[in-house]
Amino acid sequence: MKASSFTRPPGKRFHLAKLDPGSTGKLDSKEKSLPLLEKNLERLWSLQNRLFAGGKHGLLVVLQAMDGGGKDGTIRTVMGAFSPQGVAVTPFKVPTEEERAHDFLWRIHKVAPAKGLVGIFNRSHYEDVLVVRVKGLAPEEVWRRRYEQINAFEQLLAETGTKIVKLYLHISPEEQARRLADRQQDPDEHWKFNPGDLEDRKLWPQYMAAYEDALSLCNTPWAPWYAVPADRKWYRNLVVSEILVEALESLHLEFPKPDGDLTAYKIPKIKWP
Ligand code: ADP
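Below is a short write-up of the structure. All figures in this text were calculated on a predicted structure; none of them were measured in a lab. (Residues numbered from 1 in each chain as written. Predicted model: local features only at pLDDT ≥ 70, side-chain atom pairs only at ≥ 80, totals over all residues. Heavy atoms only, no water.)

## A few points about the nonpolar core
In step 1: In terms of nonpolar packing, the biggest core is built from 74 residues, with Leu-44, Met-79, Tyr-126, Leu-167, Tyr-211, Ile-243 and Leu-248 touching the most fellow members.
In step 2: Every residue in contact with Ile-243, bar those within four places of it in the chain, is listed here: Ala-3, Phe-6, Val-165, Leu-167, Tyr-226 and Val-228. (Core = buried A, V, L, I, M, F, W, Y, C linked by side-chain atoms within 4.5 Å. Buried < 20%, exposed > 50% of the residue type's maximum accessible area, 1.4 Å probe, protein only. Contact = heavy atoms within 4.5 Å.)

What follows is the structure, given as structure tokens:
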């Protein structure tokens, strides 16, 4: 499996209707995926250690999906590989009054990861060209300009040391219906059931068009988009873990070299109690 099979060359369009959300690539069972996932998760932890120790780069992971797309499960399973000390998850909700009084990237830039850290965005600035566009929350001349504004913003982050990986978890409307029905029926999931999600579901074609534009117009060399088949959670987890491993490996992270010969220091002997 290669991360590059889930992205497109910059400038080429993503065609989501042609992308099978139920794909499991060359794998035919969850059992076979688990050892591969385990290996990637261990690798992620070790790469994060280098990222943290080196302090030269940050990693920003943007997660977008339709409701029930599996953002939370991906964060739990895949990003769970990272040491909590070096990772921050930020969910983006409907903007507050204070946030709305600023430009749309203000709340985003404030929480972009510092060098050495991993930042995970559960939703992101892309909501400003997705829900905002589909629900008409801003006029077209406003959201149209945002694709370029986003590209310039992400370029700034990339040029100042942030590795950016953007993941769209691609589920089918049938799978979404199953997951929403689970939320409706399972008492432990009732809290996740939001009648507003049903309104968004009715706008599926409009959302897909907005996603296609977001993915196609903002798929830059410095901040690529990946469309991850996400109907099968085990395959989604494996693909996301592979994309993150490859992204971190591309940084050629090394532990910092010590100043001089550390063995020259004598560890003091202590007598206690
Ligand atoms: P989630 O669905 O991510 O688990 P919520 O149920 O709290 O979390 O949903 C967050 C809501 O905030 C979503 O409906 C999303 O569309 C909305 N939202 C996020 N960013 C914006 C934005 N910039 N403008 C309008 N709505 C937004």
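## A closer look at the pairing of strand E1 (residues 58–65)
In step 1: In terms of residue burial, E1 counts as a mostly covered element, since eight of its eight residues are buried.
In step 2: The alternating pattern of E1 places Gly-58, Leu-60, Val-62 and Gln-64 on one face and Leu-59, Val-61, Leu-63 and Ala-65 on the opposite face, and all of these are buried.
In step 3: In terms of strand pairing, E1 meets strand E4 (residues 162–170) through eight bridges, oriented parallel. Bridge pairing in E4 links Ala-65 to Leu-169.
In step 4: Looking at chain direction, E1 and strand E3 (residues 118–122) are connected through five bridges and run parallel. By the bridge assignment for E3, Leu-63 is matched with Asn-122. (Helix = DSSP H or I, 4+ residues; strand = E, 2+ residues; numbered from the N terminus. Pairing = 2+ DSSP bridges.)

## A few points about the site of the ligand
In step 1: The full set close to the ligand counts 13 residues, and Lys-71, Lys-93, Arg-107, Arg-123 and Glu-127 are the nearest of them.
In step 2: At a separation of 2.9 Å, an oxygen atom of the ligand approaches a polar side-chain atom of Lys-93.
In step 3: Measuring from a nitrogen atom of the ligand, one finds a side-chain N or O atom of Arg-107 at 3.1 Å.
In step 4: In isolation the ligand exposes 570 Å². Once the protein is present, 77% of that is buried.
In step 5: Class assignment for the residues of the shell around the ligand results in six nonpolar, no polar and seven charged. (Near = heavy atom within 4 Å. Polar contact = N/O pair within 3.5 Å; in protein donor to acceptor, adjacent residues only side chain to side chain. Areas by Shrake-Rupley, 256 points an atom, 1.4 Å probe, with all protein chains shown as cover. Nonpolar A, V, L, I, M, F, W, Y, C, P; charged D, E, K, R; others polar.)

## Overview of the pattern of salt bridges
In step 1: Across all of its chains, the model carries 16 salt bridges by this definition.
In step 2: Here Arg-123 ties to Glu-127 by a salt bridge, and the two come within 3.0 Å at their closest N and O atoms.
In step 3: Between Glu-154 and Lys-166 there is a salt bridge; the shortest N-O distance is 2.8 Å. With a gap of 12 residues between them, Glu-154 in helix H6 (residues 140–159) and Lys-166 in strand E4 connect regions that are remote in the sequence. Both residues of the pair, Glu-154 and Lys-166, count as buried.
In step 4: One salt-bridge network, in which partners are shared between bridges, spans Arg-13, Arg-133, Glu-212 and Asp-213. (Salt bridge = Lys/Arg side-chain N within 4 Å of Asp/Glu carboxyl O.)

## So, unusual backbone geometry
In step 1: Residues Trp-272 and Pro-273 are joined by a peptide bond in cis, for which omega reads 0°.
In step 2: At Arg-123, a position not held by glycine, the phi torsion is positive, near 70°.
In step 3: Relative to the helices and strands, Arg-123 is located in the loop between E3 and helix H5 (131–134).
In step 4: On the basis of relative accessible area, Arg-123 is assigned to the partly exposed category, the value being 21%.
In step 5: Here His-252, not a glycine, exhibits a phi torsion of approximately 50°, which is positive.
In step 6: Note that His-252 resides in the segment after helix H10 (233–249).
In step 7: His-252 gets classed as exposed once you look at its relative accessible area, which sits at 65%.

## What about the sheet that holds E4?
In step 1: The parallel open sheet is built from five strands, whose spatial order is E2-E3-E1-E4-E5. What marks the edges here is a single partner per strand, and that holds for strand E2 (87–91) and strand E5 (225–229). On average, each strand axis in the sheet is tilted by 20° relative to the strand beside it, whichever way the strands run.
In step 2: Inspection of the sheet shows E2 paired to E3 by five bridges, in the parallel sense. Its bridge partner lying in E3, Thr-90 is registered against Phe-121.
In step 3: Helix-sheet contacts for H6 involve E1 and E4, and the interaxial angle to E4 is about 130°.
In step 4: Across the sheet, H10 is in contact with E1, E4 and E5; its angle to E4 comes to roughly 165°. (Axes fitted to C-alpha atoms, helices over the stretch in contact; angles between N-to-C directions.)

That is the geometry; function is a separate question.
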